[in-house]
Amino acid sequence: MLRFFVLCTLALASRADIAEEDDVLVLKKSNFEEALKAHPNILVEFYAPWCGHCKALVPEYAKAASTLKAEGSDIRLAKVDATEEADLAQEFGVRGYPTIKFFKGGDKDSPKEYSGEWARLHFVCFLPAAGRQADDIVNWLKKRTGPAATTLGEVAQAESLIADNEVAVIGFFKDVESEGAKAFLKAAEALDDVPFGITSDDAVFSKFEVSKDAVVLFKKFDEGRNTFDGELNKADLLSFIKGNQLPLVIEFTEQTAPKIFGGEIKSHILMFVPKAASDFNDKMSEFKKAAEGFKGKILFIFIDSEVDDNQRILEFFGLKKEECPAIRLITLEDEMTKYRPESEAITAENIIAFCTLFTEGKLKPHLMSQDIPEDWDKNPVKVLVGKNFEEIVFDPKKNVFVEFYAPWCGHCKQLEPIWTKLGEKYKESSDIVVAKMDSTANENEAVKVHSFPTLKFFPAGDDRKVIDYNGERTLEGFSKFLESGGKEGGAPAGEDEEEEADVSTPGVGTESSVGPIIHL
């Protein structure tokens, strides 16, 4: 009995050692494993104190933590200062801020990824925060720790599930302990944006005209219902659901963005069109006709070009409202590549021809460029555009340091005075060039910009070498980097590409990248 009392006392003391701020546990490497033992289901945010996204998340994250604690839930929220606990952040692959991971059942080795509502893509940062409210966090966690599929014991329950949701998936299994049912539940656990039900009730089978074990996706659009006809395994079921859960043509909004970016189809054709236009329905009709032949290959999306929240998306594609309607195509693989049709006429025939050329690999990427300013080299910081980029940065006699920026980026604005001073310092240099390029209006094949600001160094020579800068964003840091030939504070391009924020160096990284990177 005494031993039991001592163990309980030690356990309580260990929990007491974990500090809390607004019901959020404060974790360090020294207490991390103890926290996982004490709290079997724990959501951990890896943050940087200087990160604007992290600061914006603080009140909602705390509210979610308080809600769960007040309900007596065994789910706790925690945070780790990744700039202080760099080893811990590195252990869990933290590449940007905030990174959030969900540890279920005390399992340290395989934290779960979120449903992708903070996608690591340029578009998402152009929308109001999706999934960042306290209720969103709480609801996601409850589903993650609750049953993956609701048991449907009667027809009314099944009808309610279908009626209350845009998309719902029901598994019909005579034996809910069968291997097929188990595969279905594994698929259900992997998807968070679609509700699942499972039934063995004969009346439910009869109501929906199902005679044998089956998985059916019910939806309030297109054909209304899809029945899975493959082998019952997790991978094939997930592919079936993801391939059918979206409409043939989907509108891009804050709510649909996670489904668009989280899907398996990474080639997207976009129609920018004002929904209020008199010919909107005609344009949609042509777009839908074209979409029918590319289901599962290209995702067809339309974007209301009059909506304020969509203006930066237009900007990303080099479009203005008055130039819409317009068609663009983009691939979201390791590198985002954009394509533009030769004809701007929106007809099914033109769109089909454009998509066919794309699927056959016969399209060349569309690279944006402004015209070369007459005074591009008059100031200490030289102005680059797509048309003069390669000529300047790959001059074998010059060492060129370039800031790739966005005019609307707050971090770029903060960097501007320092970058100007750097240009002043080296304006008389015979071999060092300090430059900048607006990457929202200019592109090039040599460098793919994923975040703002991005800083890259192009050393003199004939090998077209590129070095990423990952040192301190100070005049002294930049100067040391240039004086060392890109060695002090740099990394070969590609090595640092995946590390959107250097977790070991406060103030370094690309907080204005595309929004937070989330792993829950």
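Use the structure listed above.
Residues numbered from 1 in each chain as written. Predicted model: local features only at pLDDT ≥ 70, side-chain atom pairs only at ≥ 80, totals over all residues. Heavy atoms only, no water.

Participant: What is the right way to read the sheet that holds strand β5 (residues 99-104) from this model?
Facilitator: Backbone hydrogen bonds are what pair the strands of a sheet, in a parallel or an antiparallel way. Taking strand neighbours across the sheet as the criterion, the five strands line up as β1-β2-β4-β3-β5 in an open arrangement whose pairing is mixed. The open sheet has two edge strands, β1 (20-21) and β5, and neither has a second partner. Note that strand β2 (residues 24-26) and strand β4 (residues 75-81) share two bridges and pair parallel. Opposite Val 26, over in β4, you have Lys 79 as the bridge partner. (Pairing = 2+ DSSP bridges. Helix = DSSP H or I, 4+ residues; strand = E, 2+ residues; numbered from the N terminus.)

Participant: How do you make sense of the packing of aromatic side chains when you look at a structure like this?
Facilitator: Two numbers describe a pair of aromatic rings. These are the distance of the centres and the angle of the planes. As enumerated under the stated definition, the model contains 30 aromatic pairs in all. Measuring from centroid to centroid gives 5.9 Å for Phe 389 and Phe 404, while their planes differ by 50°, and the two rings are tilted. In this pair, Phe 389 is assigned in helix α14 (residues 389-393) and Phe 404 in strand β17 (residues 399-405), connecting sequence segments 15 residues apart. Accessibility assignment for this pair places Phe 389 and Phe 404 in one class, buried. When the ring centre of Phe 205 is taken as reference, the NZ or CZ atom of Lys 174 above it lies at 4.1 Å. Across the ring face of Phe 317, the terminal group of Lys 338 is positioned such that the distance to the ring centre comes to 5.6 Å. (Phe/Tyr/Trp six-rings, centres within 6.5 Å; stacked < 30°, edge-to-face > 60°. Buried < 20%, exposed > 50% of the residue type's maximum accessible area, 1.4 Å probe, protein only. Lys NZ or Arg CZ within 6 Å of the ring centre and 35° of its normal.)

Participant: What should I look at first to understand the packing of helix α15 (residues 410-425) against helix α16 (residues 475-483) in this one?
Facilitator: Each packed pair of helices is defined by two parameters, the angle between the axes and the distance between the axes. Direction vectors running N to C along α15 and α16 enclose 45°, while the axes themselves pass 10 Å from each other. It follows that α15 is oblique to α16 by the angle criterion. Two packed elements cross with a definite hand, and for α15 against α16 that hand is right-handed. Touching Leu 415, Ile 418, Trp 419, Lys 421, Leu 422 and Lys 425 of α15 are Leu 475, Phe 478, Ser 479 and Leu 482, all from α16. Its residues assigned to classes, the contact of α15 with α16 comprises seven nonpolar, one polar and two charged. (Axes fitted to C-alpha atoms, helices over the stretch in contact; angles between N-to-C directions. Parallel < 35°, antiparallel > 145°, perpendicular 65-115°, else oblique. Left-handed = near helix turned anticlockwise from the far one by under 90°. Contact = heavy atoms within 4.5 Å. Nonpolar A, V, L, I, M, F, W, Y, C, P; charged D, E, K, R; others polar.)

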